[in-house]
Each structure stands twice: as C-alpha cells, then as structure tokens.
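Below, each chain spelled out in residue letters.
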Amino acid sequence: MQHNGSNNSVTEFQKLQGRWNDLLSRFFDDPKVAWLLDTRVGQYLSSHPVLALSGVMFSAMAALPVGLFLSFALVTIVMSAVGFVFFEVFLLFVAGVTLMCVLPGIAFFSLMVAFISNGLYVTGVNIFSRYSLTNGGKVLEDQEESTKSECES
C-alpha cells in the first residue's frame with residue numbers, strides 16, 4: 001500500500017518536472033530572452049543568480065514608489081505652471097528625500113529575500129540529492145551510498 005503512494009508521488013513529481021522544463025524551454029527560446037542572455041550583462045547575471053534575483057526583487061518592489069514619485073512630480077509640475085514654484089521645490093525635495101529613504105530599505109529587503117530563498121534552494125537541493133527516488137524512498141545514510149546508488153542506476 002505504501003509502495004503505490006510512493007510511485008504516485010514519483011510520477012507526479014516527474015510530470016511536474018516535465019511541465020516546468022517545457023515552460024523554461026519556451027521562455028529561453030524567445031528571441032528577446034536569447035538576445036538578452038547573449039549580452040555581457042545577461043551572461044554575468046546568469047552566472048550570479050543571487051544578484052539577478054536581488055535585481056528582480058528590487059525592480060519589482062521599487063516600481064510602485066518610483067511610479068508614485070513620478071506621478072507626484074507630474075502633479076507638482078502642473079502646479080508650478082499655475083504659480084506655486086516655491087511650494088513645488090519644497091514638495092519635490094521632501095518627496096525625493098522620502099524616496100531616498102524608501103529605496104535602500106527595499107534594496108535591503110530584496111537582498112535578504114534573495115539570500116534566504118537561495119539558502120532554502122541550496123538546502124532543498126542537498127536534501128533531495130540525498131533522497132533517492134529509485135531506492136524505493138529510503139533516505140541514504142552517507143554520501144558514499146548516494147554515489148554508489150547513482151553509479152548502479
């Protein structure tokens with residue numbers, strides 16, 4: 001009975017892995033993505049995934065504050081056309097200082113999320129590398145058993 005559950009989880013995992021590989025292959029086959037990965041920046045970020053994840057997290061989280069700042073700047077420019085030049089300079093200064101206070105916090109948060117998620121990824125990979133699906137779900141005791149079972153299969 002336990003053996004059937006183990007086979008079900010293995011086949012579900014293999015199906016999930018196949019769908020994930022199809023999604024990634026479609027993503028990397030896109031000409032824009034291929035062009036980006038051929039640039040020096042793309043190659044650098046491919047070899048430094050923590051930095052790439054930090055950049056993506058920072059960009060995603062900074063979009064709202066930057067958009068709000070730009071819309072605020074547009075509103076204050078319209079107000080200056082009406083005659084509130086001194087008021088605009090003061091408000092833009094306050095908004096700029098506020099933005100400079102928010103962005104480092106977002107950058108720090110995105111770095112922490114990137115490091116934690118990469119730590120969890122490395123831990124998960126190490127755990128799953130020690131767990132042999134072909135050994136009937138037994139956890140291997142040491143690295144030599146893991147190497148032996150990989151060589152046999």
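Definitions and limits used
- Residues numbered from 1 in each chain as written.
- Predicted model: local features only at pLDDT ≥ 70, side-chain atom pairs only at ≥ 80, totals over all residues.
- Heavy atoms only, no water.
- Helix = DSSP H or I, 4+ residues; strand = E, 2+ residues; numbered from the N terminus.
- Buried < 20%, exposed > 50% of the residue type's maximum accessible area, 1.4 Å probe, protein only.
- Contact = heavy atoms within 4.5 Å.
- Areas by Shrake-Rupley, 256 points an atom, 1.4 Å probe, with all protein chains shown as cover.
- Axes fitted to C-alpha atoms, helices over the stretch in contact; angles between N-to-C directions.
- Parallel < 35°, antiparallel > 145°, perpendicular 65-115°, else oblique.
- Nonpolar A, V, L, I, M, F, W, Y, C, P; charged D, E, K, R; others polar.
- pLDDT = per-residue confidence, 0-100.

### With respect to the overall build of the protein chain
Helix and strand counts for the protein chain stand at 6 helices and 0 strands. Start at the N end of the protein chain and walk to the C end: the helices and strands fall as α-α-α-α-α-α. Counting all 153 residues of the protein chain, 14% fall into the buried class. Sequence-distant contacts, at least 24 apart, represent 46% of the contacts inside the protein chain between residues at least 6 apart. When the accessible area of the protein chain is evaluated, it comes to approximately 12,000 Å², of which 71% is carbon and sulfur surface.

### What to know about the packing of helix α2 (residues 31–38) against helix α3 (residues 40–47)
Contact geometry for α2 and α3: axes closest at 4 Å, N-to-C directions at 85°. The pairing of α2 with α3 is recorded here as roughly perpendicular in orientation. On α3, the residues touching Leu36, Leu37 and Asp38 of α2 are Arg40, Gly42, Gln43 and Ser46. Here the residues of the contact of α2 with α3 sort into 2 nonpolar, 3 polar and 2 charged.

### Side note on the packing of α3 against helix α4 (residues 49–82)
For the pair α3 and α4, interaxial distance at closest approach is 5 Å and the crossing angle is 110°. Relative to α4, α3 is oriented roughly perpendicular. Across the interface between the two elements, Tyr44, Leu45, Ser46 and Ser47 from α3 touch Pro49, Leu51 and Ala52 from α4. When its residues are assigned to classes, the contact of α3 with α4 shows 5 nonpolar, 2 polar and no charged.

### Overview of the side chain of Ser110
Assignment of secondary structure puts Ser110 in helix α5 (residues 85–130). Each residue touching Ser110, except ones within four places of it in the same chain, is listed here: Ser54, Met57 and Phe58.

### Overview of the environment of Glu88
Within the secondary structure, Glu88 is located in helix α5. Residues Glu88 and Val75, spaced 13 residues apart in sequence, show a C-alpha to C-alpha distance of 9.4 Å. If near-sequence neighbours (up to four positions away) are discounted, Glu88 is found in contact with Thr76, Ile77 and Ser80.

### Digging into the environment of Leu91
Looking at where Leu91 falls in the secondary structure, it is placed in helix α5. Sequence separation between Leu91 and Phe72 is 19 residues; the distance between their C-alpha atoms is 9.1 Å. Residues contacting Leu91, with those up to four places away along its chain left out, are Phe72 and Thr76.

### Quick notes on the side chain of Ser54
Structurally, Ser54 is set in helix α4. Residue class for Ser54 comes out buried when judged on its relative accessible area of 7%. Once you skip the residues sitting within four places of it in the chain, Ser54 turns out to touch Ser110, Leu111 and Ala114.

### What to know about the confidence of the model for the protein chain
This prediction gives the protein chain a mean pLDDT of 81; 80% of its residues lie at or above 70. Across the protein chain, element-level confidence peaks in α5 with a mean pLDDT of 90 and bottoms out in helix α6 (residues 143–152) with 58.

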